[in-house]
Amino acid sequence: YIFQKSTEDYPAQELYHPAIRILEKYDASHPGTELLATLRQYFLCGQNASKAADAMHIHRTTFLYRMKKIQQLTPLRPDDPEDILHLMFSFALLSHQ
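Basis of the calculations
- Residues numbered from 1 in each chain as written.
- Predicted model: local features only at pLDDT ≥ 70, side-chain atom pairs only at ≥ 80, totals over all residues.
- Heavy atoms only, no water.
- Salt bridge = Lys/Arg side-chain N within 4 Å of Asp/Glu carboxyl O.
- Buried < 20%, exposed > 50% of the residue type's maximum accessible area, 1.4 Å probe, protein only.
- pLDDT = per-residue confidence, 0-100.
- Helix = DSSP H or I, 4+ residues; strand = E, 2+ residues; numbered from the N terminus.
- Lys, Arg positive; Asp, Glu negative; His and termini not counted.
- Polar contact = N/O pair within 3.5 Å; in protein donor to acceptor, adjacent residues only side chain to side chain.
- Contact = heavy atoms within 4.5 Å.
- Expected span 1.5 Å × (residues − 1).
- Arc of directions from axis to C-beta.

Enquirer: So what's going on with the pattern of salt bridges? Which residues, and what values?
Expert: Summed over all chains, the structure comprises two salt bridges. For Arg77, the salt bridge is made with Asp80, and the minimal N-O distance between the two is 2.5 Å. Among the residues examined, Arg77 registers a relative accessible area of 46% and is labelled partly exposed. The exposure class assigned to Asp80 is buried, which follows from its relative accessible area of 19%. The residue Asp83 makes a salt bridge to Arg77 at a minimum N-O spacing of 3.3 Å. Each of Arg77, Asp80 and Asp83 takes part in a single network of salt bridges with overlapping partners.

Take a look at the structure:
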């Protein structure tokens, strides 16, 4: 219901956190980077880099490198509750399309 109501007046893409669009574009032009998937997994794992790296079957150092790259590319504030909520809502919208 929330997803339906929130997208009645605006396309879902308009509601995404700015980091989503930035990372989608970056991943499209840099195959294999998986920065958007990395960020999603980070939040799915409760912001635990070790668990997220394990879930992605990559080395923790690779995961941390990707997170650093995400912070360089985006205005994301990973400790800000509003950013976290906006990102989680954005990821939910992505999976409901």
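Enquirer: Can you explain the confidence of the model for the protein? Please cite residues and give values.
Expert: When pLDDT is low, close inspection of the predicted coordinates is not appropriate. When the pLDDT values of the protein are averaged, the result is 91; 95% of them are 70 or greater. The element-level mean pLDDT for the protein is lowest in helix α1 (residues 2-6), coming to 70, with helix α5 (residues 49-56) highest at 98.

Enquirer: How would you summarise the side chain of Asp27 if you had to cite specific residues and measurements?
Expert: Along the chain, the position of Asp27 falls in helix α3 (residues 18-29). Among buried Asp, Glu, Lys and Arg side chains, Asp27 stands out as unpaired, with Arg66 the closest opposite charge at 7.9 Å. In terms of polar contacts, Asp27 uses its side chain to reach the backbone amide nitrogen of Leu36, at 3.0 Å. The contact partners of Asp27, leaving out residues within four places of it in the chain, are Thr33, Glu34, Leu35 and Leu36.

Enquirer: Just give me the short version of helix α6 (residues 60-73), but keep the residues and values in it.
Expert: Think of an α-helix as 3.6 residues a turn; residues three or four steps apart then line up on the same face. For α6, which comprises 14 residues, the first-to-last C-alpha distance of 20 Å matches the rise-based estimate of 20 Å (1.5 Å per residue) to within 8%. Within α6, burial applies to Phe63, Arg66, Met67 and Ile70. Down the axis of α6, the buried side of the element spans an arc of 100°, and every buried residue falls inside it. Residues Thr61, Tyr65, Lys68 and Gln72 are exposed on α6 and point more than 90 degrees away from its buried face.

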